[in-house]
Amino acid sequence: MDYYYTKTLGNISFDLAVSKTTEALKNNGFGVLTTIDMKATLKKKMDVDFYNYTILGACNPPFAYKALQAEDKIGTLLPCNVIIQEKVSGTIQISAVNPKVSMRAVGNTDLMGIADAVAGKLKDTLEAIR
């Protein structure tokens, strides 16, 4: 089982892909808590050139609350990260963490139902991005 779900889009700008991903997350009950521009960060901190790569830290509060009730250290695996990257100009890849894989590592069976539900929401999110 892969540790991520992914989708590739063509003929879309990187900024528009970030915007559409953020909107699709919102429509599926997620808020974006953090936005990390890896290209800008790596340029500023290390003076290296990198391709367009943004990490969105997405949170679905009801599911996060349930997970925290089941496992108090689960915050180490939150929020759900979604990445948007453009290795080749005009081709955007959007990937989301597979929470079923990350939650399995915790060893708390109470988390698996939550992980299944969140996985479904993340898959729906990716499917909605066009």
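Residues numbered from 1 in each chain as written. Predicted model: local features only at pLDDT ≥ 70, side-chain atom pairs only at ≥ 80, totals over all residues. Heavy atoms only, no water.

Novice: Outline the environment of Lys20, supporting the account with residue identities and numerical values.
Specialist: Along the chain, Lys20 turns up in helix H1 (residues 14–27). Remark: the alpha-carbon pair of Lys20 and Thr125, spanning 105 residues in sequence, is separated by 9.9 Å. In this structure, Lys20 is in contact with Ile12, Ile129 and Arg130, ignoring residues within four places of it in sequence. (Helix = DSSP H or I, 4+ residues; strand = E, 2+ residues; numbered from the N terminus. Contact = heavy atoms within 4.5 Å.)

Novice: Tell me about the sheet that holds strand S1 (residues 4–10), and name the residues and values.
Specialist: Ordered by their spatial adjacency, five strands build an open sheet running S1-S5-S4-S3-S2, and the pairing between neighbours is antiparallel. The open sheet has two edge strands with one neighbour each: S1 and strand S2 (31–37). Strand-to-strand, the axes of this sheet are offset by a mean angle of 20°, without reference to chain direction. Pairing geometry for S1 and strand S5 (residues 91–97), over seven bridges, is antiparallel. For Lys7, the partnering residue across the bridge sits in S5 and is Ile94. Those strands touched by helix H2 (residues 38–46) are S2 and strand S3 (52–59), and its axis lies near 40° from that of S2. (Pairing = 2+ DSSP bridges. Axes fitted to C-alpha atoms, helices over the stretch in contact; angles between N-to-C directions.)

Novice: I'd love a proper account of the nonpolar core, names of residues and values included.
Specialist: Judged by nonpolar contacts, the single largest core of 29 residues is most densely connected at Leu25, Val82, Ile84, Ile92, Ile94, Val118 and Leu122. By residue number, the principal contributor to this core is helix H5 (residues 110–128), which donates seven residues. Setting aside anything within four residues of it in sequence, one finds Ile94 in contact with Tyr5, Thr6, Lys7, Leu9, Thr21, Val82, Ile83, Ile84, Leu126 and Ile129. (Core = buried A, V, L, I, M, F, W, Y, C linked by side-chain atoms within 4.5 Å. Buried < 20%, exposed > 50% of the residue type's maximum accessible area, 1.4 Å probe, protein only.)

Novice: Provide a residue-level description of the environment of Ile114, including the pertinent values.
Specialist: You can see Ile114 is positioned in helix H5. Among the residues examined, Ile114 registers a relative accessible area of 14% and is labelled buried. Once the C-alpha coordinates of Ile114 and Gln93 are considered, the two residues, 21 residues apart in sequence, prove to be 26 Å apart.

Novice: If you had to explain the pattern of salt bridges to someone new, which residues and values would you point to?
Specialist: This structure, assessed with the given rule, holds four salt bridges. Through salt bridges with shared partners, a single network forms among Lys43, Asp47 and Asp49. (Salt bridge = Lys/Arg side-chain N within 4 Å of Asp/Glu carboxyl O.)

Novice: Break down the packing of aromatic side chains for me, with residues and values.
Specialist: Enumeration according to the criterion identifies four aromatic pairs in this entry. Centroid distance Phe50 to Tyr51: 4.3 Å. Interplanar angle 25°. Geometry classified as stacked. You can call Phe50 partly exposed: its relative accessible area is 31%. Residue Tyr51 is classed as partly exposed on the basis of its relative accessible area, which comes to 24%. Members of the aromatic cluster, each reached through a chain of ring pairs, are Phe50, Tyr51 and Tyr53. (Phe/Tyr/Trp six-rings, centres within 6.5 Å; stacked < 30°, edge-to-face > 60°.)

Novice: Please give an account of the packing of helix H3 (residues 61–70) against H5 that cites residues and values.
Specialist: Relative placement of two packed helices is described by the angle separating their axes and the distance separating the axes. For the pair H3 and H5, the least separation of the axes is 9 Å and the interaxial angle reads 160°. By the criterion of interaxial angle, the relationship of H3 to H5 is roughly antiparallel. Regarding H3 and H5, the two cross each other, and that crossing is left-handed. Between H3 and H5, the contacting residues are Phe63, Lys66, Ala67 and Ala70 on the first element and Asp110, Leu111, Ile114, Ala117, Val118 and Lys121 on the second. In the contact of H3 with H5, the residues fall into seven nonpolar, no polar and three charged. (Parallel < 35°, antiparallel > 145°, perpendicular 65-115°, else oblique. Left-handed = near helix turned anticlockwise from the far one by under 90°. Nonpolar A, V, L, I, M, F, W, Y, C, P; charged D, E, K, R; others polar.)

By themselves, these observations are geometric and do not establish any function.
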